[in-house]
Amino acid sequence: RHAVCIFYLVLRALDTIEDDMTISLNVKVPMLHEFHSYLYQPEWKYMESKEKDRQVLEDFPTISSEFQSLSKVYQEVISDICHKMGVGMAEFLEKKVDSQNEWDKYCHYVAGLVGIGLSRLFSASELEDPIVGQDTDLANSMGLFLQKTNIIRDYLEDQLEGREFWPREVWSRYAKKLSDLAKPENIDMAVQCLNELITNALHHVPDVLTYLSRLKNQSVFNFCAIPQVMAIATLAACYNNKQVFRGVVKIRKGQAVTLMMDATNIQAVKTIMYQYVEEIYQKIPSADPSCNKTQQIVASIRAQSLPHGPLASRHHYSPIYVSCAMLLAALSWQYLTTVSKAAEDLVQTGEN
């Protein structure tokens, strides 16, 4: 718990530096590259930030002191991820996401590294087997699935704030400018672009299921599984949905609570995934350019997540446990989406 808390605060401080547009690039880039070293400088702090979260920089000696009180194995993980994320943020300061490969790379920097770091902390704590932290490809997919879902869902919000995260390689086949997708006359092409990106994101689901199947600790499982089932539910709501370009598409609060209470074991998660990809399958337009690819990935997910029993897991636990699980779920969802969304916003702010 302490390691995850400090991990979050360190990344929040890093994000705050990256997000501060009052810091010139010739100062900001070296700071991003070297930020991990400040963890070992007891007196380092930054008092010139204008950001709302500047307290984490002004009181950074408190964070670095707590960081250094962690066991060495936790320190190594946090410092390493902080270093890699800082380098990645610096890379995308003046660079837009063009190709799908760059989309994956960008999402790796702002979310995949969070998944990798958390996985290494889980293993270092011995709550999970070493393979969880060692298999960085699966951990990266956990982060990419969440990040791509956020990027897809938040198209309109990002457009209104002058940010662009959809890969040019995809949207340029449907419009001259990404902003054109929001125009009513382009809605059919916009939805086709949306469906292609959702199909891309769905390719991470098999990795997600493999990752979750390895987890043994109940709290760690809840922490990891609940954001993933929220994401698949969000993609199902967004698929072939014109509303993505007109407003905010969100899952219902009652639906979210049900997902939190149900996603407490791997078979329950597989059942949830199966149900939502079936929902997507039923909405695939026969004339959609990505139709065949969407059907193929849905078939692959079906094969891995065929339900073998009723969706029932919460009944195995006491009401007190369920309450605790729901609280943990809410915190985990807030944590992962905040870290990934914050990093996403920060990198794009640098681009602009």
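Keep in mind the model is a prediction, meaning the values are calculated, not measured.

What counts and how
Residues numbered from 1 in each chain as written. Predicted model: local features only at pLDDT ≥ 70, side-chain atom pairs only at ≥ 80, totals over all residues. Heavy atoms only, no water. Helix = DSSP H or I, 4+ residues; strand = E, 2+ residues; numbered from the N terminus. Buried < 20%, exposed > 50% of the residue type's maximum accessible area, 1.4 Å probe, protein only. Areas by Shrake-Rupley, 256 points an atom, 1.4 Å probe, with all protein chains shown as cover. Core = buried A, V, L, I, M, F, W, Y, C linked by side-chain atoms within 4.5 Å. Domains from an automatic or database assignment. Contact = heavy atoms within 4.5 Å. Expected span 1.5 Å × (residues − 1). Polar contact = N/O pair within 3.5 Å; in protein donor to acceptor, adjacent residues only side chain to side chain. Axes fitted to C-alpha atoms, helices over the stretch in contact; angles between N-to-C directions. Parallel < 35°, antiparallel > 145°, perpendicular 65-115°, else oblique. Left-handed = near helix turned anticlockwise from the far one by under 90°. Nonpolar A, V, L, I, M, F, W, Y, C, P; charged D, E, K, R; others polar. Salt bridge = Lys/Arg side-chain N within 4 Å of Asp/Glu carboxyl O. Phe/Tyr/Trp six-rings, centres within 6.5 Å; stacked < 30°, edge-to-face > 60°. Lys NZ or Arg CZ within 6 Å of the ring centre and 35° of its normal. pLDDT = per-residue confidence, 0-100.

Visitor: For this particular structure, what's the right way to read the overall build of the protein chain?
Guide: Along the protein chain, the regular secondary structure elements total 17 helices and zero strands. Considering the protein chain as a whole, with its 352 residues, one finds that 55% of them fall into the buried category. About 15,200 Å² of surface is accessible on the protein chain, with carbon and sulfur atoms providing 52% of the total.

Visitor: Mind showing me how you'd approach unusual backbone geometry here?
Guide: What you tend to see is this: most non-glycine residues have negative phi, and most peptide bonds are trans. In this structure, glutamate 126 is a non-glycine residue whose phi angle is positive, near 70°. Mapped onto the secondary structure, glutamate 126 falls in the loop between α6 (100–124) and α7 (130–134). For glutamate 126, a relative accessible area of 70% gives the class exposed. Residue asparagine 240 is not a glycine yet carries a positive backbone phi of 55°. Along the polypeptide, asparagine 240 turns up in the loop between α13 (218–238) and α14 (253–262).

Visitor: For this particular structure, what's the right way to read the nonpolar core?
Guide: Counting 113 residues, the largest nonpolar core has Phe35, Trp166, Leu181, Tyr211, Leu212 and Phe245 as its most contacted members. No other element matches α13, which puts 14 residues into this core. Residue-level mapping places this core at the junction of two domains, with at least three residues from each of domain 1 (1–95) and domain 2 (99–310). Non-local contacts of tryptophan 166, meaning those with residues more than four positions away in its chain, are made with Val97, Ile151, Ile152, Tyr155, Trp171, Leu178, Leu181, Cys193, Leu194, Leu197 and Phe245.

Visitor: Looking at this structure, how should I read helix α15 (residues 266–282)?
Guide: An α-helix turns once every 3.6 residues. As a result, residues three or four positions apart point the same way. With 17 residues, α15 extends 24 Å from end C-alpha to end C-alpha; this agrees with the ideal 24 Å at 1.5 Å per step. The elements touched by buried residues of α15 are α11 (187–202), α12 (205–213), α13, α14 and α16 (291–305). Residue asparagine 265 occupies the N-cap position of α15, its side-chain oxygen lying 3.1 Å from the main-chain nitrogen of glutamine 267.

Visitor: Mind showing me how you'd approach the packing of helix α1 (residues 2–19) against helix α2 (residues 25–34) here?
Guide: Angle between the axes and distance between the axes are the two parameters that describe a pair of packed helices. In the contact formed by α1 and α2, the axes pass within 9 Å of each other and the chain directions differ by 165°. The angle between α1 and α2 falls in the class roughly antiparallel. In the packing of α1 onto α2, the handedness of the crossing is left-handed. Judged by residue contacts, Leu14, Ile17, Glu18 and Asp19 of α1 engage Lys28, Met31 and Leu32 from α2. Class assignment of the residues belonging to the contact of α1 with α2 gives a composition of four nonpolar, no polar and three charged.

Visitor: Could you clarify how one ought to interpret the packing of helix α8 (residues 136–153) against α11 in this entry?
Guide: At their nearest, the axes of α8 and α11 sit 9 Å apart, and the two run at 170° to each other. As judged from the angle between their axes, α8 and α11 are roughly antiparallel. Of the residues in α11, those in contact with Phe145, Lys148 and Ile152 of α8 are Leu194, Leu197, Ile198, Asn200 and Ala201. Of the residues assigned to the contact of α8 with α11, the class counts are six nonpolar, one polar and one charged.

Visitor: Help me understand the environment of alanine 231 in this model?
Guide: Inspection of the secondary structure puts alanine 231 in helix α13. The buried category is assigned to alanine 231, whose relative accessible area is 1%.

Visitor: How do you make sense of the pattern of salt bridges when you look at a structure like this?
Guide: A side chain of one charge can pair with a side chain of the opposite charge if their charged atoms are brought near each other. Within this structure, the stated rule accounts for 18 salt bridges. Salt-bridge contacts for arginine 168 lead to aspartate 98; the nearest nitrogen and oxygen are separated by 3.2 Å. Of this pair, arginine 168 sits in helix α10 (residues 168–171) while aspartate 98 sits in the loop between α5 (72–91) and α6, and the two are 70 residues apart along the sequence. A relative accessible area of 37% means that arginine 168 is categorised as partly exposed.

Visitor: Looking at this structure, I do not really get the packing of aromatic side chains. What am I missing?
Guide: Centre distance and the angle of the planes are the two values used to describe a pair of aromatic rings. Per the counting criterion, the structure on display carries 13 aromatic pairs. Both rings, one in tryptophan 166 and one in phenylalanine 245, keep their centres 6.0 Å apart while their planes meet at 80°; by these two values the pair is edge-to-face. Of the two residues, tryptophan 166 is situated in the loop between α9 (155–160) and α10 and phenylalanine 245 in the loop between α13 and α14; the sequence distance between them amounts to 79 residues. Looking at tryptophan 166, the relative accessible area reads 3%, which means it is buried. An aromatic cluster is present here, built from Phe35, Tyr38, Trp44 and Phe60 joined pairwise through their rings. In this structure, lysine 95 packs its charged tip against the face of phenylalanine 92, placed 4.9 Å from the ring centre. Across the ring face of tyrosine 281, the terminal group of arginine 302 is positioned such that the distance to the ring centre comes to 4.3 Å.

Visitor: Could you clarify how one ought to interpret the confidence of the model for the protein chain in this entry?
Guide: Low-confidence regions, as indicated by low pLDDT, have predicted coordinates that should not be scrutinised in detail. On average, residues of the protein chain score 89 in pLDDT, and 87% of them reach the 70 mark or higher. Under a pLDDT of 50 for its full length, residues 309–326 has, in the predicted model, 27 contacts with residues more than four places off or in other chains. Every residue in residues 342–352 is under pLDDT 50, and counting partners more than four places away or in other chains gives 44 contacts.

Visitor: Would you mind going over the environment of alanine 139 with me for this structure?
Guide: As for its placement among the helices and strands, alanine 139 is situated in helix α8. Looking at alanine 139, the relative accessible area reads 1%, which means it is buried. Separated by 25 residues in sequence, alanine 139 and valine 114 have C-alpha atoms that sit 8.6 Å apart. Contact partners of alanine 139, with chain neighbours within four places excluded, come to Gly112, Gly115, Ile116, Ser119 and Tyr211.

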